[in-house]
Amino acid sequence: MSVPAPRWDIFCSVVDNFGDIGICWRLARQLAGEHGLQVRLWVDDLASFRRINPEIDPAQAVQYSRGVEVRHWTAPFPAVAPGDVAEVVIDTFACTLPEAYLRAMAACAERPRWVTVEHLSAEDWVAGCHGLPSPQPGLPLTRHFFFPGFVPGTGGLLCEHGLLEARHAFQADAAAQAAFWADLGLPPGREGELRLSLFAYDCAHIAPLLHRWEHSARPLRVLVPEGALARRIGAHYGVAEAGAGDVCGAGALAVHVLPFLEQDRYDHLLWACGLNFVRGEDSFVRALWAGRPLVWQPYRQDEDAHTDKLDAFLHRYCAGLGAREAAALRDLWQAWNREQGMAEHWDGFLAHRAAYAVHAELWRRQMSVLGDLVTNLVFFCAKPL
Ligand code: TRH
């Protein structure tokens, strides 16, 4: 008789945007697909989930996708008996677990392993906090913090088995790339053209950068997902409420508004572009694995916490670059995040694009030695308390 696979419950509260569900979905499908675990993913916003996974039906309370049981997390939470509690309980980004579920956890004869998967940061304090226990007042439970990160002593980064091989194969296959572009209604990349993906928070001061791009020496094709920034760029060129399929621009610049792509297809976009603007956490990590030059915009937070995150990452990322390349990269990334001076720093950044491509590959190799986050998490949860 075979032993049933351990059960894991992952709780995802969608606060904003797509990063919360994006990361939880990767976590869940990798745990199920690569580690053979029984995974239930509790999500409080199935409509957001559907944007990155079209298989999801927001009307279903229970459904299955890619080997994961997806549950709509509603309030009040259904009654839970201790027997319903999984062996491992993950709350992502410290979302508050339902009271009924917590009580059931506390009533289990063998307490579940409870882990909070935290936000990604390159800051120095992260390695010191990774793995720390937090006894829960009034409950016979301890939760542990699991921090993703860029250095040994952290949980590493999400990276599926075979991802890098798939990326290499795609980047070496002109026909696969042409088919990908055709599927999006775009022509294959032309000699000399720069194709750039632009996934970013809305930017009120993008006009000078667009103007600079219009005057590029080479054709520039910018691919922007539908959303606030696409609408703003569309409005700048006289297209009201720009949505998927709209094209606008002037001079050397053509901007195409793309539909929001299913997560794996978004990877293909990052692999196929010569430069990627990314934001938040998950698209940022995917762009790092893409091995192409990138520009990162951390999620904006109160009290400028995102500025510390940006500086900490720049400090690590620029360490292997020459002084001029590092300065040009810092200038553009900081300008982009301040929404000031992007046009002035664009040419300086672009001049070092070849060096950034080499660096991106080296960085990618350096990150691979940390082991992937999901495997690290499985080992972490298997350790006796
Ligand atoms: O959407 P985000 O800004 O998410 C943010 C951050 O994660 C932040 O840390 C979090 O606290 C905040 O949300 C609430 O950016 P992020 O992290 O890159 O997530 C976007 C997800 O959307 C990612 O999984 C990639 C996916 N995606 C697609 O699947 N298709 C697409 O076409 C695009 C553009 C993105």
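Look up: the structure comes first, before these words.
Residues numbered from 1 in each chain as written. Predicted model: local features only at pLDDT ≥ 70, side-chain atom pairs only at ≥ 80, totals over all residues. Heavy atoms only, no water.

Visitor: I'm lost on the overall build of the chain in this one. Help?
Guide: A tally of regular secondary structure across the chain gives 15 helices and 14 strands. Taking 2.2 N^0.38 as the reference for a compact globule, 385 residues should give roughly 21 Å; the C-alpha atoms of the chain span a radius of gyration of 22 Å, in line with that estimate. In the chain, which comprises 385 residues, the proportion classed as buried is 54%. In the chain, 67% of the contacts between residues at least 6 apart in sequence involve partners at least 24 apart. Surface accessibility of the chain: about 16800 Å² in total, with carbon and sulfur atoms responsible for 55%. Charged side chains in the chain number 34 positive and 45 negative. The centres of these two groups are separated by 3 Å. (Helix = DSSP H or I, 4+ residues; strand = E, 2+ residues; numbered from the N terminus. Rg over C-alpha atoms; globule rule 2.2 N^0.38 Å. Buried < 20%, exposed > 50% of the residue type's maximum accessible area, 1.4 Å probe, protein only. Contact = heavy atoms within 4.5 Å. Areas by Shrake-Rupley, 256 points an atom, 1.4 Å probe, with all protein chains shown as cover. Lys, Arg positive; Asp, Glu negative; His and termini not counted. Charge placed at Lys NZ, Arg CZ, Asp CG, Glu CD.)

Visitor: Sorry, what's going on with helix α12 (residues 323-338) here?
Guide: An α-helix turns once every 3.6 residues. As a result, residues three or four positions apart point the same way. Taking 1.5 Å as the rise per residue, α12 with 16 residues should run 22 Å; its terminal C-alpha atoms sit 22 Å apart, in good agreement. By the burial criterion, the buried members of α12 are Glu-325, Ala-326, Ala-328, Leu-329, Leu-332, Trp-333, Ala-335, Trp-336 and Asn-337. Just beyond α12, the residue with positive phi is Glu-339, at close to 60°. (Expected span 1.5 Å × (residues − 1).)

Visitor: What should I look at first to understand the pattern of salt bridges in this one?
Guide: Pairs may arise between side chains of opposite charge once their charged atoms sit close together. The full count for this structure, using the stated rule, is 21 salt bridges. Note that Arg-103 is salt-bridged to Glu-99, the shortest N-O span being 4.0 Å. Remark: Glu-99 and Arg-103 occur in helix α3 (residues 99-107); sequence separation between them is 4 residues, near one turn of the helix. When the shortest N-O distance is used, the salt bridge between Glu-361 and Arg-167 registers 2.8 Å. You can see Glu-361 sitting in helix α14 (residues 353-368) and its partner Arg-167 sitting in helix α5 (residues 163-171), a full 194 residues away along the chain. The exposure classification of Glu-361 matches that of Arg-167, with both residues buried. Connected through salt bridges with shared partners, the residues Arg-26, Glu-160, Asp-267, Asp-282 and Arg-286 form a single ionic network. (Salt bridge = Lys/Arg side-chain N within 4 Å of Asp/Glu carboxyl O.)

Visitor: Would you mind going over the site of the ligand with me for this structure?
Guide: Taken together, 21 residues lie around the ligand, and Tyr-201, Leu-261, Arg-279, Asp-282 and Ser-283 are the ones closest in. Within the contact set of the ligand, an oxygen atom lies 2.9 Å away from a backbone nitrogen or oxygen of Glu-281. Taken by itself the ligand offers 700 Å² of open surface, and the protein chains cover 97% of this. Those elements giving two or more residues to the shell around the ligand turn out to be α1 (19-35), α9 (263-272) and α10 (282-290). It is α1 that provides the largest number of residues to the shell around the ligand, a total of 3 residues. Its residues assigned to classes, the shell around the ligand shows 9 nonpolar, 7 polar and 5 charged. (Near = heavy atom within 4 Å. Polar contact = N/O pair within 3.5 Å; in protein donor to acceptor, adjacent residues only side chain to side chain. Nonpolar A, V, L, I, M, F, W, Y, C, P; charged D, E, K, R; others polar.)

Visitor: It is not clear to me how the sheet that holds strand β3 (residues 62-65) should be interpreted in this structure. Could you clarify?
Guide: The strands that make up a sheet pair up through hydrogen bonds in the backbone, lying either parallel or antiparallel. The strand order across the open sheet formed by 8 strands is β3-β4-β2-β1-β5-β6-β8-β7, and the pairing between neighbours is mixed. The open sheet is flanked by β3 and β7 (133-135), the only strands paired with a single partner. Strand after strand, the sheet turns through a mean of 25° between neighbouring axes, direction not considered. By the bridge criterion, 5 bridges tie strand β5 (residues 88-92) to strand β6 (residues 113-117) in an arrangement that is parallel. Note on β6: the bridge partner recorded for Asp-91 is Thr-116. Along the sheet, α1 contacts β1 (7-12), β2 (38-43), β3, β4 (68-72), β5 and β6; its crossing angle with β1, the most-contacted strand, is approximately 170°. (Pairing = 2+ DSSP bridges. Axes fitted to C-alpha atoms, helices over the stretch in contact; angles between N-to-C directions.)

Visitor: Is there a simple way to think about unusual backbone geometry in this case?
Guide: Note on backbone geometry: most residues besides glycine have negative phi, and most peptide bonds are trans. Of the consecutive residues Ala-75 and Pro-76, the connecting peptide bond is found in the cis state with omega at -5°. Examined against the element boundaries, Pro-76 turns out to sit in the loop between β4 and β5. Phi at Arg-66 is positive, roughly 50°, even though this residue is not glycine. Position of Arg-66 among the secondary structure elements: in the loop between β3 and β4. What makes Arg-66 partly exposed here is its relative accessible area of 43%.

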